[in-house]
Structures are given as structure tokens and as C-alpha cells.
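# Coordinate inspection notes
The primary structure of each chain is shown beneath.
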2 protein chains.
Amino acid sequence: MTLDERKRKILESIIKDYVETAEPVGSRAVVKKHDLKVSAATVRNEMADLEEMGYLEQPHTSAGRIPSQMGFRYYVDCLMEKENLDEQEFESLQNVLRENLQERDNLIEDIAHFLSQVTNYASFVILPTVKFNEFKNLQIIPVEKGKALLLVVTDMGMIMHRKIGIPESMEVEELQAVARAFTQIFGSKKLDKIRRGDLQQIRDALKQRRNVIDNALEAIDNLLKNSKNEKVMISGTLNILNEPEFKDLDKLKRILTVLDEDGPLKNIIPELVGDNVDIRIGRENQNEDINEMSLVFAGYKSFGEMGKIGVIGPVRMEYWKAAGTVESVRDFLEELFKQRF
Amino acid sequence: MTLDERKRKILESIIKDYVETAEPVGSRAVVKKHDLKVSAATVRNEMADLEEMGYLEQPHTSAGRIPSQMGFRYYVDCLMEKENLDEQEFESLQNVLRENLQERDNLIEDIAHFLSQVTNYASFVILPTVKFNEFKNLQIIPVEKGKALLLVVTDMGMIMHRKIGIPESMEVEELQAVARAFTQIFGSKKLDKIRRGDLQQIRDALKQRRNVIDNALEAIDNLLKNSKNEKVMISGTLNILNEPEFKDLDKLKRILTVLDEDGPLKNIIPELVGDNVDIRIGRENQNEDINEMSLVFAGYKSFGEMGKIGVIGPVRMEYWKAAGTVESVRDFLEELFKQRF
DNA sequence: GATTAGCACTCATGCGGAGAGAGTGCTAAC
DNA sequence: GTTAGCACTCTCTCCGCATGAGTGCTAATC
């Protein structure tokens, strides 16, 4: 379905106005603000057409029009021009990163914060699960009497660690031998391919120092379990309180509930297709609780695995800004990770 | 100011009723529900007295009474009996812990979650800053080409770590020498006594391998900065949405804003006095934004440092349950930390 | 002197109807 | 194809009234 120039212009006007004001837009307003060369009556006729085609809807007979979700979809697909970070925002992004380059998790949290601050929507960052990294080596470092730190290092340079108990009498060399044995047995296996059975196998192979082995196995098991969970960070959920469409407490509660916990959100974010910024408008989302919300998100790579960042806001969203921002931040982040992690 | 038996009973009745219903309590209701042996008229007289004394207040002339903040204070000080975790709750607490004994931070997060689930209020856990731990030793572990893990271990067994870059050519022995030097120079210093100046000093002392030293110093600096920040975890803020006193959107927004970010909350929680559960009711809190909220909190010890846990809810709070729960969880947690960390 | 029944009074709350205002659709003229 | 004009529709807000809960006070009672 393709629209002629004038219809497109009218649709865009209505979307821009409606996004700004959250009020139905009347024919007069369209003519005035975007000085079309035609009268309100003409615009009214066009609006009636657009409604019939499904791009607009009317809350009630004597109100103006608002864009339908389909209208937004058309806008996003055919009319939108992404608005990337401006200079000032870009600089402030760089500052965020400069502060926090040491720890990936902190950094990612700040990225989420930045996203929600710039867009005024809620934002999320999903840390990747560790699936494709390969086990590279395992170390056990004694740190104090009876305690050691177990490190698992992957081929992509990711480090995971747990504290374990060791017998006080144990020599460093002995620990190293155990670690080497582990390394040898797991070597080059993809992390998500290590199964409980494999762990058991090692237990049988290494006869000496049973309890260290057991402690280590428990720790590894725990690490793997942990790395299989996608960690989710959500920021700026309270921006939703400012949106007039959620002044209804019940609606608000439902949405905040979804955003408050990690579990639901993970299920909401769809799998990505391709490298582009992806947009899901309202009912395009599977989840019922957020069929009045839109997602704008993209994937990023870190330690060879895919994570996601994005924003979530009302259907009446500044898609141009959101999409541009998500894209800019993603690109920046990836560039950074390429150098760093 | 001491109240006679009957006044106490009436006050308590009104508090219990009001906490449950959030509605002003009338004289008839008091007589009926808590079968006093007197008539409504008598209760009315007593209520008028209690109001004059400041324990009750009247939203408007033809409404019942609600407890004043002073009334709640009296209740908490003189009438309340803490209600500790029941068996079932206790068991579910143990399950939470069993799941997550490996990592302190995860565990603490689950504790916060548990608290808010049991009490139906928002809860918070503040991880202690590291002030009194002493520097014990420093290790640098090569993990892959050009990368090493720097570990700082304290006398209480706390381990902090950062990844640093090292020259690819560097030998393990050389790294160990650097680490030993660090250990020697910082040895037994309290962490919060290590200053930028000290770091500079080391830089001068160790002439060899400048860039490793610099990387290590940056990492240590970063770790120390990080450990000086109290980390705050907040959970169950959405429970507030269920409280009728916050159906007003503006009020809600103000409160959620305070609870959403770590910064404000840190400033709200007062210093603890003694080992007891501490209760701050409404305006007893300094912060204006939460003068309609109450805090119930207590301190816990971990790695020799003090952290805090607690709940935050409306002044109309089930103090008996909240205080009992916070106390039970704190005791349990401390017992656990004594064995574990 | 304390307690109680009775009653007038107060005030929040909910409901319905009137009036204003915004915006439409339709018709007829350009 | 476009436009001016106009009747019509529907929401929103404000006002007044009835309702009902709960009080305070007075006078009677234990």
C-alpha cells in the first residue's frame, strides 16, 4: 500500500503532533502547524481516507485523529529519518565510558542509564549468555589459609571466578597440578557443551584430594549455571510515569511489574534479525502486558557473544530519536569492545 | 506520658484496623471488632482524649480517627510485639540461601527480594564500604597473552580483582616480584588509609616495568574507589503501588524516584545506633520526600564491616511484622557470614 | 462520677444534568 | 478537486443535591 505525497505529509504531521502532545490532532491543527497549501476541509477528507485505510483512528466522533499502530508502522518503515546522537550527547556518552572502563558490568549499567536519560524512555541492556566461548584454562590461586580463588579463562579472554575451600596443608604445586588436569580435560570445549556428566567424569579421573576437586566442581557448576543466565539491566523505568497514557494506575502497575523483574523482560525481547535496529510496535510484541508499549533495540557483540540494548516506551514514541540513539550507542559500544574486551 | 489500659487498647485497635483497611476507624468499629465492654459513646470520649493528646487525628469532622505518627511511635515503643518469621517463611529463607551460597552479592540480592516478598514492602540492602579491612597481599596472575588478573586480598578474606594489561614478554617470575613489592609496601594498611600519594610513592620505588606498574596502580585506585562506595540494592519497590495512600500519581512519583536511584536512598538511611532493629516513622526521617514513609532496618556484619538491611513502606505499616522479619533475617544472615565469609 | 442512648450536625462522596468547546461530516458553491 | 459553512456529536467540567457515615453534645441512667 503506497500513499501519495500529500497523504504521507498529513500522516507524518499527525504523528509528530500526536507524539508531542498525546492529544488527538484535528484537521485545522495539521494545516496550521505544517502549512499545507490546502484547507482544513481537504485535510479532513484525506484524514477520512487515511482512517479507512487503517493508518489513523478516531477516539470518538467529535475528536481529532490519532495514528493507529499500523500508522506508526508505516511511519517507521517508510517515512522516518533516524536522528543520531548530537555532538553534546556524544560527548556525554564518552564521559560515561571514560569513568568506567575497568569493569564491563559497571560500564554496561551506565550505558543503560545513559540511554534512558537521552531518550526519556526506559532502557534495558541484556548481557549475553556465554555459549560460544571455549574453555581455555583453569587456575586455582591460594589467597589465604584454607581458601583459594578458582579462575576459568575462555578463549575470548573472559574470566570467571569463584572462591573455594582447600585443605590448609595443600601445596601450591599440588593445586597447580589439579588445575592443569582440569584444563587438559575441558580444553577447547565450548562452555555450554560442558555437562554435569563431564564434571562427574573428572571427579573420577582425579583420584587425589577429593574435597578440593569437589569444591572446584561445585564452583564450576555454579559458574556455568550463572553464565547461562542472561543478565538484564533496566534503567529509567520511572520515565513511564511521565507519559500521560499511563496515568491509569492499573495500567501503570501492569507495565512496571513487567519492567521491574528480569524474568518477564527477557521473554519480551524478541530474537534479533540482522544487524539493524529493530522496532516492535505495540501489539507486534507477543506479550499482552506490553501491547501498548514499543521496543527499539539492537544487538552488540562482547567477548564474541551477542547482547542486546534498547529502549521501551509508549507506542506514541519518538521513534526517530530512539532508533538513532540506540544505533549510535550500539555502534560506539561495539567499537569499544573490539579494542577492549 | 502513660495511657491507662483502656486507652491503650483503643489505640491499638485503631492502629490494627487502620493498618489493615487504610480507612479512618469509627467508634462503633472499635467496639464491635475488639469487643470492648463499653459502648460506642464511651469510646468516642476516649478517642477525643487520645486526639487531644496527639495520638490520633481526624481527617475531617465527620470521619473516624486515624493514628497520628506520634500514635504509631507510641505503639512501636510501648505496645508492639514483634512477629518473627514463621516456620514456613523460615524454610523459604533457607532455600533462598541454599541456592546462592557462592557469591555474596547474589545472595544479598536474594535476601532483599525475600524481605520484600515476606513483608510486602520495598526492601533494601546496603553492602558495607570497606574501611576496616587491612591490605594483606596482592597477586598478579597472567591469564592470557598480554592480560593478567590483579587480586587484592584483605585480612578478613575479602578478594577484589581487576583485569590489567601486561607486556607480552613479561615472565611470571617478574610479575610475582612486582606483586611482592606491592604487598610489602601496602602490607597491613587499612584500605581506606591508602591514598593517592601512597600509590605515587610505589610508582617511584619500582623502577622496572613502568607500564605494568601504572596499569596495576590504576586498577588498585579503581578498586579502592569502588570499595568506598556503598552499594545499595533495592527490591520490591512496586509494592508501593498497592498502598492506597499512594494512589496520587505525584506522590507516587516522588517516592519512587527516591527509591529508584541508589544515591538518595543512601542518604536517607540514618546511621545505626546499637544492635537493635531501628524504626523511623514518617517525619522522623530527615528527607522530605519520604516523610510519609517509614523505615525499619538493622545492621549486619560481613567481612568485618557493617552493612544494613531493612524495609521501607507507608507510615501505615505492619511494624510488628516488618520489625520481626528484619530482625530474623539479620540474625540469620550474620550467623551465616560468621561461618562463611 | 462514669456510662450510655439519642439526636442534630458536618462533611466527603457519588450522581445527574446543563453548558461549553472542539472537531467532525456533509452539502453546496467555486 | 477544493473550499466555506453549518448542523451535529461527543467529551469534559462544573454545580447542586441526596446519601450516609460518624461525630459531639445533652440528658438520662447506673
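Residues numbered from 1 in each chain as written. Chains lettered and ligands numbered in written order. Predicted model: local features only at pLDDT ≥ 70, side-chain atom pairs only at ≥ 80, totals over all residues. Heavy atoms only, no water.

With that settled, consider the interface of chain B and chain A. Accessible area lost upon the coming together of the parts is a frequently used measure of interface size. On the chain A side, the residues contacting the 36 residues of chain B number 36 residues. Buried area between chain B and chain A, both sides added, is near 3,200 Å², and the carbon and sulfur share of it is 54%. On the surface where chain B and chain A come into contact, there are 0 salt bridges. Taken together, the connections running from chain B to chain A amount to 7 residue pairs in polar contact (both at pLDDT 80 or more). Those elements that place two or more of their residues in the side of chain B that touches chain A are β4 (135–144), β5 (147–154), β6 (159–165), α9 (210–228) and α10 (249–260) of chain B. Counting residues per element, the side of chain B that touches chain A draws most heavily on β4 of chain B, which supplies 7 residues. Residues of the side of chain B that touches chain A, tallied by class, amount to 14 nonpolar, 11 polar and 11 charged. (Contact = heavy atoms within 4.5 Å. Buried area = accessible area lost by both parts, 1.4 Å probe. Salt bridge = Lys/Arg side-chain N within 4 Å of Asp/Glu carboxyl O. Polar contact = N/O pair within 3.5 Å; in protein donor to acceptor, adjacent residues only side chain to side chain. Helix = DSSP H or I, 4+ residues; strand = E, 2+ residues; numbered from the N terminus. Nonpolar A, V, L, I, M, F, W, Y, C, P; charged D, E, K, R; others polar.)

Once that is clear, we can look at the confidence of the model for chain A. Here chain A averages 90 in pLDDT, while 98% of its residues score no lower than 70. Element-level mean pLDDT values for chain A span from 76 in helix α8 (residues 196–205) of chain A up to 98 in strand β2 (residues 66–67) of chain A. (pLDDT = per-residue confidence, 0-100.)

Near DNA strand D lie 22 residues; those nearest to it are Ser39, Thr42, Thr61 and Ser62 of chain A together with Arg65 of chain B. By atom count, sugar and phosphate contribute 76% of the portion of DNA strand D lying within 4 Å of the protein. Within the side chain of arginine 6 of chain A, one N or O atom sits 2.9 Å away from a phosphate oxygen of DNA strand D. Here a sugar or linking oxygen of DNA strand D and a side-chain polar atom of threonine 61 of chain A are 3.3 Å apart. (Near = heavy atom within 4 Å.)

The next point concerns the side chain of glutamine 139 of chain A. Within the secondary structure layout, glutamine 139 of chain A lies in strand β4 (residues 135–144). A polar contact is formed between the side chain of glutamine 139 of chain A and the backbone oxygen of proline 142 of chain B, at a distance of 3.0 Å. In this view, glutamine 139 of chain A contacts Leu149, Leu150, Leu151 and Ala179 of chain A together with Ile141, Pro142 and Val143 of chain B; residues no more than four positions away in its chain are not counted.

Time to look at the protein's contact with DNA strand C. Within the structure, DNA strand C sits among 21 residues, and Ser27 of chain A together with Ser39, Thr42, Thr61 and Ser62 of chain B are positioned closest to it. Within the side chain of serine 27 of chain A, one N or O atom sits 2.8 Å away from a phosphate oxygen of DNA strand C. Interatomic distance of 3.2 Å between a side-chain N/O atom of threonine 61 of chain B and a sugar or linking oxygen of DNA strand C. If you list the elements that add at least two residues to the surface near DNA strand C, you get α3 (40–53) of chain A together with α3 (40–53) of chain B. Element by element, the count of residues in the surface near DNA strand C is highest for α3 of chain B, at 4 residues. In the surface near DNA strand C, the residues fall into 4 nonpolar, 12 polar and 5 charged.

The next thing to look at is the pairing of strand β10 (residues 305–314) of chain A. Residue and element names in this part refer to chain A. Summarising burial for β10: 9 of the 10 residues are buried, a large majority. By the bridge criterion, 5 bridges tie strand β3 (residues 122–127) to β10 in an arrangement that is antiparallel. Directly across from phenylalanine 124, in β10, lies its bridge partner glycine 310. Taken together, the 10 bridges between strand β9 (residues 293–302) and β10 define a ladder with antiparallel strand orientation. Across the sheet, residue serine 302 finds its bridge partner in β10, namely glutamate 305. Counted along the chain from β9 to the antiparallel partner β10, the turn is 2 residues long, and its residue phenylalanine 303 has a positive phi close to 55 degrees. (Buried < 20%, exposed > 50% of the residue type's maximum accessible area, 1.4 Å probe, protein only. Pairing = 2+ DSSP bridges.)

Take the pattern of salt bridges next. Tallied over the full model, the rule gives 42 salt bridges over all chains. Between glutamate 335 of chain A and lysine 338 of chain A there is a salt bridge whose closest N-O contact spans 3.9 Å. With glutamate 335 of chain A and lysine 338 of chain A both in helix α12 (residues 319–340) and 3 residues apart, this pair spans about one turn of that helix. Take lysine 338 of chain A: its relative accessible area is 66%, and that puts it in the exposed class. The partner of glutamate 5 of chain B in a salt bridge is arginine 8 of chain B, with the nearest N and O atoms 3.1 Å apart.

Another aspect to go through is a negative patch on the surface. Together, Glu20, Glu83, Asp86, Glu87, Glu91 and Glu318 of chain A give the surface a local cluster of negative charge. Structurally, glutamate 91 of chain A can be placed in helix α5 (residues 87–99). (Patch = residues over 30% accessible without salt bridge, like charges linked within 9 Å, V, L, I, M, F, W, Y side chains within 5 Å. Areas by Shrake-Rupley, 256 points an atom, 1.4 Å probe, with all protein chains shown as cover. Lys, Arg positive; Asp, Glu negative; His and termini not counted. Charge placed at Lys NZ, Arg CZ, Asp CG, Glu CD.)

All right, on to the relation of the copies chain B and chain A then. Superposition record for chain B on chain A: RMSD 0.1 Å, screw rotation 180 degrees, translation along axis 0.0 Å. Considering both components of the superposition, the chain copies are consistent with a two-fold axis. Most of the interface of chain B is mirrored in chain A, where 100% of its interface residues are also at the interface. (Least-squares fit on C-alpha atoms with pLDDT ≥ 70 in both.)

This part takes up the environment of isoleucine 164 of chain B. Residues and elements named next belong to chain B. Summarising the element assignment, isoleucine 164 is placed in strand β6. Once the C-alpha coordinates of isoleucine 164 and methionine 47 are considered, the two residues, 117 residues apart in sequence, prove to be 69 Å apart. If near-sequence neighbours (up to four positions away) are discounted, isoleucine 164 is found in contact with Ile140, Gly146, Lys147, Ala148, Leu150, Asn215, Ala216 and Ala219.

Before going further, it helps to spend a moment on the packing of helix α7 (residues 172–186) of chain B against helix α8 (residues 196–205) of chain B. The relative placement of two packed helices comes down to the angle between their axes together with the axis-to-axis distance. All names here are of chain B. Packing of α7 against α8 brings their axes to within 11 Å, and their N-to-C directions diverge by 135 degrees. With respect to each other, α7 and α8 are oriented oblique. Crossing hand, α7 versus α8: right-handed. For the pair α7 and α8, contact is made by Phe182, Ile185 and Phe186 and by Asp198, Leu199, Ile202 and Ala205, respectively. (Axes fitted to C-alpha atoms, helices over the stretch in contact; angles between N-to-C directions. Parallel < 35°, antiparallel > 145°, perpendicular 65-115°, else oblique. Left-handed = near helix turned anticlockwise from the far one by under 90°.)

In this section: the packing of α7 of chain B against α9 of chain B. Residue and element names in this part refer to chain B. Orientation of α7 relative to α9, taken along the N-to-C sense of each, is 45 degrees, at an axis distance of 11 Å. Compared by their axis directions, α7 and α9 come out oblique. Here the hand of the crossing between α7 and α9 comes out right-handed. Two secondary-structure elements touch here, α7 through Leu175, Val178, Phe182 and Phe186 and α9 through Val212, Ile213, Ala216, Leu217 and Ile220. By residue class, the composition of the contact of α7 with α9 is 9 nonpolar, no polar and no charged.

All names here are of chain A. Taking strand neighbours across the sheet as the criterion, the 3 strands line up as β4-β5-β6 in an open arrangement whose pairing is antiparallel. If you trace the sheet from one side to the other, it starts and ends with β4 and β6 (159–165), each paired once. The average undirected angle you get between the axes of adjacent strands in this sheet is 20 degrees. Sheet topology places β4 next to strand β5 (residues 147–154); 8 bridges connect them, and they run antiparallel. The residue of β5 that forms the bridge with proline 142 is alanine 148. Relative to β6, helix α9 (residues 210–228) is tilted by about 145 degrees, and along the sheet it contacts β4, β5 and β6.

Per the stated rule, a full pass over the model turns up 14 aromatic pairs over all chains. Taking the centre distance of 6.1 Å and the plane angle of 40 degrees together, the rings of phenylalanine 182 of chain B and phenylalanine 186 of chain B count as tilted. Here phenylalanine 182 of chain B and its partner phenylalanine 186 of chain B are both found in helix α7, 4 residues apart, which amounts to about one turn of the helix. Residue class for phenylalanine 186 of chain B comes out buried when judged on its relative accessible area of 1%. Ring-pair connections join several aromatic residues into one group, and the members of that group are Phe135, Phe182 and Phe186 of chain A. Over the ring of tryptophan 320 of chain A we find lysine 16 of chain A, and its NZ or CZ is 4.0 Å from the ring centre. (Phe/Tyr/Trp six-rings, centres within 6.5 Å; stacked < 30°, edge-to-face > 60°. Lys NZ or Arg CZ within 6 Å of the ring centre and 35° of its normal.)

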